[in-house]
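# Examining the three-dimensional arrangement
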Amino acid sequence: MVNPEDSASVPADPLQLVRQAWQDVLGIDEAPLETGFFEAGGNSMLLVMLSDELSDLTGRELEVAELFRHDTVRAQARLLDPSYEPEAPAPVAAAAGRGRLLGSARRGRADSGPERAEGPAAR
């Protein structure tokens, strides 16, 4: 863990600060900027540890839920930056994708209904 009182070891750049915290918590050499925390090898316990690490480094209490919603190094750096403004979510793309999945599942059930029927009731 980086000592917050040692200013030489704490990068002033939020991106570098978050990247270093990820590397420490995940035990990796290079933290990816756009990969989600869990995809990079994290788990819920490590996310709690990351929250503690970033809170120690910044002096700001960070909720685990905030880090969960902002799950990449770049998004967490923006979260820490004083000029941070939340990104607008893209509900249209997400909803469209979910609709396609639900539509295929519904079509699959509707299409397979008669094929599943067996026994005297099917005749």
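Use the structure listed above.
Our subject in this report is the structure included herewith. Everything numeric here is computed off the predicted structure, so don't read it as measured data.

### Brief notes about the overall build of the protein
Scanning the protein for helices and strands turns up 5 helices and 0 strands. In sequence order, the protein lays out its α and β elements as α-α-α-α-α. Of the roughly 8,300 Å² of accessible surface on the protein, a fraction of 54% belongs to carbon and sulfur atoms.

### Here we look at helix α2 (residues 44–58)
For an α-helix, the turn length of 3.6 residues means that residues three or four places apart are oriented alike. Counted at 1.5 Å a residue, the expected span for α2 with its 15 residues is 21 Å, and the 21 Å between its end C-alpha atoms agrees. Tucked into the core, α2 has its buried residues touching α1 (14–26), α3 (64–69) and α4 (73–80). At the N-terminal boundary of α2, the capping side chain belongs to N43, with an oxygen 3.0 Å from the backbone nitrogen of M45. G59 lies just past α2 and shows a positive phi near 75°.

### Quick notes on the nonpolar core
Core analysis: the biggest nonpolar cluster contains 21 residues, and V18, W22, F37, L50, L54 and V73 have the highest contact counts within it. Looking at this core, the elements with two or more residues in it are α1, α2 and α4. It is α1 that provides the largest number of residues to this core, a total of 7 residues.

### Considering the pattern of salt bridges
The full count for this structure, using the stated rule, is 3 salt bridges. E30 serves as the salt-bridge partner of R19, at 3.4 Å between the closest nitrogen and oxygen. Highlighted residues: R19 in helix α1 and E30 in the loop between α1 and α2, separated in sequence by 11 residues. Classification of R19 as buried rests on a relative accessible area of 16%.

### Here's the deal with the packing of α1 against α4
Between α1 and α4, the least distance of the axes is 8 Å, while the angle of their chain directions is 125°. Here α1 is positioned oblique relative to α4, judged by the angle of their axes. At the point where α1 passes α4, the crossing takes the right-handed sense. Of α4, the residues touching α1 (which contributes P14, L15, L17, V18, R19 and W22) are V73, R74, Q76, A77 and L80. Here the residues of the contact of α1 with α4 sort into 8 nonpolar, 1 polar and 2 charged.

Conventions adopted
Residues numbered from 1 in each chain as written. Predicted model: local features only at pLDDT ≥ 70, side-chain atom pairs only at ≥ 80, totals over all residues. Heavy atoms only, no water. Helix = DSSP H or I, 4+ residues; strand = E, 2+ residues; numbered from the N terminus. Areas by Shrake-Rupley, 256 points an atom, 1.4 Å probe, with all protein chains shown as cover. Expected span 1.5 Å × (residues − 1). Contact = heavy atoms within 4.5 Å. Polar contact = N/O pair within 3.5 Å; in protein donor to acceptor, adjacent residues only side chain to side chain. Core = buried A, V, L, I, M, F, W, Y, C linked by side-chain atoms within 4.5 Å. Buried < 20%, exposed > 50% of the residue type's maximum accessible area, 1.4 Å probe, protein only. Salt bridge = Lys/Arg side-chain N within 4 Å of Asp/Glu carboxyl O. Axes fitted to C-alpha atoms, helices over the stretch in contact; angles between N-to-C directions. Parallel < 35°, antiparallel > 145°, perpendicular 65-115°, else oblique. Left-handed = near helix turned anticlockwise from the far one by under 90°. Nonpolar A, V, L, I, M, F, W, Y, C, P; charged D, E, K, R; others polar.

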